[in-house]
Amino acid sequence: QVQLVETGGGLVQAGDSLTLSCAATGQSFSSYTLAWFRQAPGKDREFVAAFFRNNNRAYYADSVKGRFTISRDNAKNTVYLQMTNLQPEDTAVYYCASGRPILSSLRYETSYYSWGQGTQVTVSS
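Residues numbered from 1 in each chain as written. Predicted model: local features only at pLDDT ≥ 70, side-chain atom pairs only at ≥ 80, totals over all residues. Heavy atoms only, no water.

Enquirer: What is the right way to read the sheet that holds strand β8 (residues 78–83) from this model?
Expert: Taken together, 4 strands build an open sheet; the order of strands is β1-β3-β8-β7 and the sheet is antiparallel. Each edge of the sheet is formed by a strand with only one pairing partner; in this case those strands are β1 (2–7) and β7 (68–73). Going across the sheet, the axis of each strand differs from the next one's by a mean of 20°, ignoring polarity. Direction of pairing for strand β3 (residues 18–26) relative to β8: antiparallel, over a ladder of 6 bridges. Across the sheet, the residue bridging to A23 is T78, located in β8. (Pairing = 2+ DSSP bridges. Helix = DSSP H or I, 4+ residues; strand = E, 2+ residues; numbered from the N terminus. Axes fitted to C-alpha atoms, helices over the stretch in contact; angles between N-to-C directions.)

Enquirer: Explain the nonpolar core to me, please; I cannot follow it from the model alone.
Expert: Nonpolar side chains tend toward joint burial in soluble globular proteins. Grouped together as the largest cluster of nonpolar side chains are 38 residues, with contacts concentrated most on W36, L81, M83 and Y94. Here this core gets 6 residues from one element, more than from any other, and that element is strand β5 (residues 46–52). (Core = buried A, V, L, I, M, F, W, Y, C linked by side-chain atoms within 4.5 Å. Buried < 20%, exposed > 50% of the residue type's maximum accessible area, 1.4 Å probe, protein only.)

Enquirer: Even after reading the chapter, I still don't get the pattern of salt bridges, so can you show me in this structure?
Expert: Close approach of charged atoms allows side chains of opposite charge to pair. For the structure on display, the rule yields 5 salt bridges. Across the salt bridge formed by E46 and R38, the nearest N and O atoms sit 2.7 Å from each other. According to the relative accessible area criterion, E46 is partly exposed, its value standing at 35%. Note on R38: relative accessible area 6%, which makes it buried. Here D90 makes a salt bridge to R67, at a shortest N to O gap of 2.8 Å. Taken together, the positions of D90 in the loop between β8 and β9 (92–99) and R67 in the loop between β6 (57–60) and β7 put the pair 23 residues apart, joining distant regions of the chain. Grouping residues by exposure puts D90 and R67 together as buried. (Salt bridge = Lys/Arg side-chain N within 4 Å of Asp/Glu carboxyl O.)

Right, here's the structure in full:
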């Protein structure tokens, strides 16, 4: 199992950029799919991005495509989420997750079994 700790959240203005990091401890980091989810106040947690272990490709929610980039550094056991052109609707707690989903289940939080504690991102207008 993998233990995850997110860092890098904060308060920014619309149009700003921010990079989140998720450091993992435990065995076989490279054998897991790593993903980012977010949960805005009063809303369900939603998929943001994932780096799929089976083909080393990145997948994104439509709402962040072109603005966010997920990447992983297996040597550092860390996954990143680079966020650009942030908007107030991006305000949420961002969670890192790991698991071994199949491609069709990549966007479902039930596909992941290790979660970080979350980091708050607030975007002011």
